[in-house]
Structure formats: structure tokens, C-alpha cells
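# Structure assessment
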Amino acid sequence: MSALKEKLRKKIEEWRPRTTRLIKEFSNVKVDEVDIGQIIGGARDVKSLVTDISYLDPFEGIRFRGFTIPEVMEKLPKVSDGEMPYVEGFFFFLLTGEIPSDDDVKEVAQEFSKRHIVPKYVIDILKAMPVDSHPMVMFSTAILSMQRESEFVKEYNSGELKKNDYWIPTYEDGLNLLAKIPGIAAFIYRLKYKDAKIIDPDPKSDLGGNFAKMMGINKPYDDVARLYFILHSDHESGNVSAHTGHLVASALSDLYYSISAMTNGLAGPLHGLANQEVLSWLHEVYDKLGGKVPTEEEMKKFVWDTLKSGQVIPGFGHAVLRKTDPRYMAQREFCLKHLPDDPLFKYVDLLFKVVPPILLEQGKAKNPWPNVDAQSGVIQWYYGLKEYDFYTVLFAVGRAFGVVANIIWDRGLGYPLERPKSVTTAMLEEAAGIKK
Ligand code: HAX
């Protein structure tokens, strides 16, 4: 057993009695109440999920295993010739809650390297897909097609797998899948946009470095990849992608089904696709103004025109956050350091100034501040990744690290099938005292 797996086994076994005790002795303790607004309004803020991997405070933003983004960036081991932590070390940290040593990072890197080869049938499937397939469809299909590799399914079907050990083959599926998805993403990119000129992986490189190489983008894109995958990994478990992954896994569907489903949830414009929407929206102004940086007045007019046409301002607002997303700020810092004079970054920065007061004036959005998606596309664009319908695939690679870590723990703690209860409109009317 690898050191990480052994550590995880110990942690899960130590943690399990806490969950068991809560269920056995305190099941009836009330944690929340639900009102009609929440029932019709997408279960917003209803406390009904549990995860110990990240927590999203509305005013502070995300904490991964108790640490803010700047703390994570400071504490985790970094690549010697870069500024960002290893994704491998970050995954170790998400799984265990411990800051990894250099040896821990090395071990995860070796595990990924051992498992990185993408089956040929996945390549054939991707090549056979229509040329206008969205990259998210290709990514999700590639993941789903590998379901036949699932160790969980093999062991479950053997009839000998005990419930407390479900996490073990899930862990194997998780590592097998995470090791392959950067290569699958890069393959889709090169196939679709670079005349199918595929670049071989460099298994000796770390995950971020290898990804940059396979994409064919020079330094510091390796650091951009590390930053991007870390920032997008987890945002507690109620967001559409994380929740979908958890929900599908709760039926004991394996990780291939769950992560493919997670990807499909991320592909909506109100969720991960917003980063693509931000860029296409910004390019409308860019093209209209011939690349000139707009004045504040011109930008305000563009924002109001978008709102008046009934559309949302992509990259702004959030279902939980009530302040500027710290993932936005981490990327903004990166931009201020590496691309302060980029015209598109200037657009994004101008939006940071003009959009919140407009959304406040409009009076609908509960959170007028920018979210992660407002800032991420501009970095990709700057480093030459101009095909913005690919951006959500990058988000999905990152998100998979968080959701896999969560599902391994779901299995370790034996979380059951998810099954909230529905009511009818008539029942709600009755609860509201509406007389017919
Ligand atoms: N522009 C215009 N209107 C907005 C808005 C925005 N950016 N954000 C919210 N609103 C509107 C909503 O559409 C809603 O209007 P209606 O009452 O007419 O339906 C109203 O304000 C109240 O919405 P809310 O309670 O503030 O927000 P929700 O929790 O319902 O939705 C969203 C949160 C993120 C979906 C929303 O803010 C939005 O559509 N933002 C733009 C799309 C976006 O950036 N999505 C990415 C979010 C981060 C993420 O998940 N990344 O993956």
C-alpha cells in the first residue's frame, strides 16, 4: 500500500466514529429550517450536505482544509523553477488535510506518472466525434468511455468488497482518472484547434509542467496551469458540479460516471461556462471599439445594454459569496504581476470598477462582486489559448481533483444514497395558508 493510501486509511478509520456517533446519537438535532423561498429557489443556503475538504464562508471565501488561498499558496511545496505549488501536493493536502513533505509530493507524482497513459479507444472515440462537438462534450465522453476500467465496479461485483472498504477501489479509480485527464484535455485541445498535432507527455515533469508541455505553451504557462487547477478544485459541495459528482456517486455509481456527470453540470453558463461567456462578451466590446480600451462611460453603457437585453453579466454574482471571490483576487494578483498592460486585462479591471455599482443600482443580484470566472479567461488568452470554448475543460480538470477527493471520503465515511423529498405546489400553498 502506498504511503498516501495508508495515511488515508488511518485518517478515515479515525474519523469514522465521529460520523457514526452523530448519526446514532444526534440524528434528531436540528441544524437548519427550510422555507418556501428555498424550496422553490434551488435549495439556496439549505444546510444539507457535509464535507470536510473545503468550506465557503460568504464573506471570507473558500478555505481548503481550513486554509485560505494565500495560506495554501504559501504553505504548500512549490516547484523549484516556479511560483506555484505542485498540484500533486495540493491533492495530497485535500485528501489528508496535511501539508505534504517533498517526499509526499514525489510519491503522488510517481503514482500519476505510473497511471497516465490514456487508452487508445479514448483517442479513437475523440477522433470520431463531430468536429463541432463542444470540448466539454468531448471531455465528458472521454471520461465516461473509461468506465469499463473501474476497479470499484470489479471489486463490488466480486461480492467480496466490504462497505468500509468501498473507498479503496474508489481511491484507485480516482488516481487512475486524475492521472489521465490532463492528457485527455490537452489531446482534445490539440486535436480540435492545432491540426491534430499531438504533443507527447513528459512523465518526468510535474502535472502542471507536463500539461503546459502537452498544450504546447511555454513558461510560465506551467504555473498558470498549477494556479488554475488549484483554484478551481473545490468550492464546498453544494455547487452544481461538486454536488452532481457527489449525488451520482451516492448511488454507488463509480467515479467515471460521477466525474463525467460533474463535468456536464459544470458546462452550464450559470456555472463553469461563465468563464467562456466572459471572454466572448468582452470581445463584443473589444471588436466594437476596435481594441481600444473603453472609457468608463462606454463600459457602463455596454453593461447596461447587456442587462437591458435580459442577460446576466457573466463573471459577476454568486449563490453563496457576498464579497469579491478570493479566487478572482488570486488571479488578479497574477495578472498585475505578469500582464499588467494587457488590453483585455484592462477591460476586466474596468469591469471590476463599473459592474458592482450597476448591479447594486439594478437591485436584483444579491452579490454584485466578481467571481472566479471574471478573471480566468483573460490569463489563458494572454498566454495564447484563445479558443475560449476550451476554458471550461480547464476548470473541469481542476474541479475533478476536489470532487474525487470528496467522493473518496464519501465512500470512506459511508455516506448514503442522496434522496431529498419533493412536495407539490398545492402542499406549499397549503403550508402558506393560501385558500383556494
Ligand atoms: N448579472 C445580472 N443579473 C444577475 C447577476 C448578474 N451577474 N447575478 C444575479 N443576477 C440576478 C439573477 O439573475 C436573479 O434575477 P431574477 O430574479 O430575475 O431571476 C437575481 O439577480 C437574484 O439572483 P441571486 O440570488 O443574486 O443569484 P443566484 O444565486 O440565483 O445565482 C449566479 C447565482 C452565479 C447564477 C448569478 O449571479 C449569475 O447568473 N451570474 C452570472 C453568471 C456567472 O458568473 N456564473 C458563474 C458563477 C460562479 C461559478 O459557479 N463558477 O463556476
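What comes next concerns the included structure.

### Points about the overall build of the protein
Scanning the protein for helices and strands turns up 20 helices and two strands. Taking 436 residues into account, the globule formula puts the C-alpha radius of gyration at 22 Å, and the protein, at 22 Å, falls close to it. With respect to the three principal axes, the spread of C-alpha positions in the protein is 70 × 65 × 45 Å. Burial statistics for the protein: of 436 residues in total, 52% are counted as buried. Sequence separation of at least 24 residues holds for 76% of the intrachain contacts in the protein that already meet a minimum separation of 6. Carbon together with sulfur atoms contributes 54% to the accessible area of the protein, which is approximately 20400 Å² in total.

### Re the packing of aromatic side chains
Taken as a whole and assessed by the stated rule, the structure comprises 23 aromatic pairs. An angle of 90° between the planes, with centres 5.6 Å apart, marks the rings of F152 and Y166 as edge-to-face. Note that F152 is positioned in helix α8 (residues 151-157) and Y166 in the loop between α8 and α9 (167-193), a separation of 14 residues in sequence. With respect to burial, F152 and Y166 carry one shared label: buried. Seen in terms of ring centroids, F334 and Y383 are 6.4 Å apart; in terms of plane orientation they differ by 65°. Their pairing is edge-to-face. With F334 in helix α16 (residues 326-338) and Y383 in the loop between α18 (373-382) and α19 (391-412), this residue pair connects regions lying 49 residues apart in the sequence. Summarising the burial analysis for this pair, F334 and Y383 share the class buried. Cluster of aromatic residues (ring-pair linked, three or more members): F64, F67, F90 and F93. Sitting over the face of the ring of W15, R18 holds its NZ or CZ atom 4.1 Å from the ring centroid.

### Description of the site of the ligand
The local shell around the ligand holds 21 residues, among which I313, G315, F316, K366 and D373 are the closest. In the model, an oxygen atom of the ligand is placed 3.4 Å from a nitrogen or oxygen of the G272 main chain. Contacts to the ligand include G315, whose backbone N or O atom sits 2.7 Å from an oxygen atom. Relative to its free-state accessible area of 900 Å², the ligand is covered by the protein chains to the extent of 76%. Classifying every residue of the shell around the ligand by side-chain character gives eleven nonpolar, six polar and four charged.

### Observations concerning the pairing of strand β2 (residues 61-64)
Summarising the sheet, strand β1 (residues 54-57) and β2 pair through four bridges and their orientation is antiparallel. Within β2, the position partnered with Y55 by the bridge is R63.

### Some details on the side chain of N176
Looking at the element boundaries, N176 is found in helix α9. Among all residues touching N176, those that are not within four sequence positions of it are R115, E151 and Y256.

### A word on the nonpolar core
Within the largest apolar cluster, 118 residues are counted, with the highest numbers of intra-cluster contacts made by F91, F139 and Y221. Excluding anything up to four places from it in sequence, Y221 contacts F211, A212, M215, Q380, Y383, L385 and L394.

### Side note on the pairing of β1
Along β1, the buried face is formed by S54 and L56; none of Y55 and D57, which line the opposite face, is buried. Joining the antiparallel neighbours β1 and β2 is a turn of three residues.

### Things to note about helix α12 (residues 240-250)
For α12, the set of buried residues is S241, A242, T244, G245, H246, A249 and S250. Buried positions along α12 lie against α13 (255-266) and α19. Taken from the residues just after α12, L252 is the one with a positive phi, measuring 65°.

### Section: a nonpolar patch on the surface
Judged by side-chain polarity, V34, I36, I39, I40, V423 and M427 come together as a nonpolar surface patch covering roughly 530 Å² of accessible area. Per element, the largest residue contribution to the nonpolar patch is three residues, and it comes from helix α2 (residues 36-40). With respect to the helices, strands and loops of the structure, V423 is situated in the loop between α19 and α20 (425-431).

### As for helix α15 (residues 296-308)
The terminal C-alpha atoms of α15 lie 18 Å apart, and with 13 residues this matches the ideal 18 Å at 1.5 Å per residue to within 8%. Considered for burial, the residues of α15 that qualify are M299, F302, V303, T306 and L307. Summarising the axial view, the buried residues of α15 lie within an arc of 135°, below the 170-degree limit, and thus occupy one face. Turned more than 90 degrees off the buried face of α15, the exposed positions are E297, K301 and K308.

### Quick look at the pattern of salt bridges
Oppositely charged side chains can form a pair if their charged atoms are brought close together. Under the counting rule described, the total for this entry stands at 29 salt bridges. A salt bridge links R115 to E111; the nearest nitrogen and oxygen atoms lie 2.7 Å apart. Overall, the relative accessible area of 9% leaves E111 in the buried class. A salt bridge links K120 to D124, with the nearest nitrogen and oxygen atoms 2.9 Å apart. A residue pair is termed a helical-turn pair when its members lie 3 or 4 positions apart in one helix, as K120 and D124 do in helix α6 (residues 120-128) at four residues. Among the residues examined, D124 registers a relative accessible area of 37% and is labelled partly exposed. Connected through salt bridges with shared partners, the residues D81, D206, K219, D222, D223 and R226 form a single ionic network.

Calculation criteria
Residues numbered from 1 in each chain as written. Predicted model: local features only at pLDDT ≥ 70, side-chain atom pairs only at ≥ 80, totals over all residues. Heavy atoms only, no water. Helix = DSSP H or I, 4+ residues; strand = E, 2+ residues; numbered from the N terminus. Rg over C-alpha atoms; globule rule 2.2 N^0.38 Å. Buried < 20%, exposed > 50% of the residue type's maximum accessible area, 1.4 Å probe, protein only. Contact = heavy atoms within 4.5 Å. Areas by Shrake-Rupley, 256 points an atom, 1.4 Å probe, with all protein chains shown as cover. Phe/Tyr/Trp six-rings, centres within 6.5 Å; stacked < 30°, edge-to-face > 60°. Lys NZ or Arg CZ within 6 Å of the ring centre and 35° of its normal. Near = heavy atom within 4 Å. Polar contact = N/O pair within 3.5 Å; in protein donor to acceptor, adjacent residues only side chain to side chain. Nonpolar A, V, L, I, M, F, W, Y, C, P; charged D, E, K, R; others polar. Pairing = 2+ DSSP bridges. Core = buried A, V, L, I, M, F, W, Y, C linked by side-chain atoms within 4.5 Å. Patch = residues over 30% accessible without salt bridge, like charges linked within 9 Å, V, L, I, M, F, W, Y side chains within 5 Å. Salt bridge = Lys/Arg side-chain N within 4 Å of Asp/Glu carboxyl O. Expected span 1.5 Å × (residues − 1). Arc of directions from axis to C-beta.

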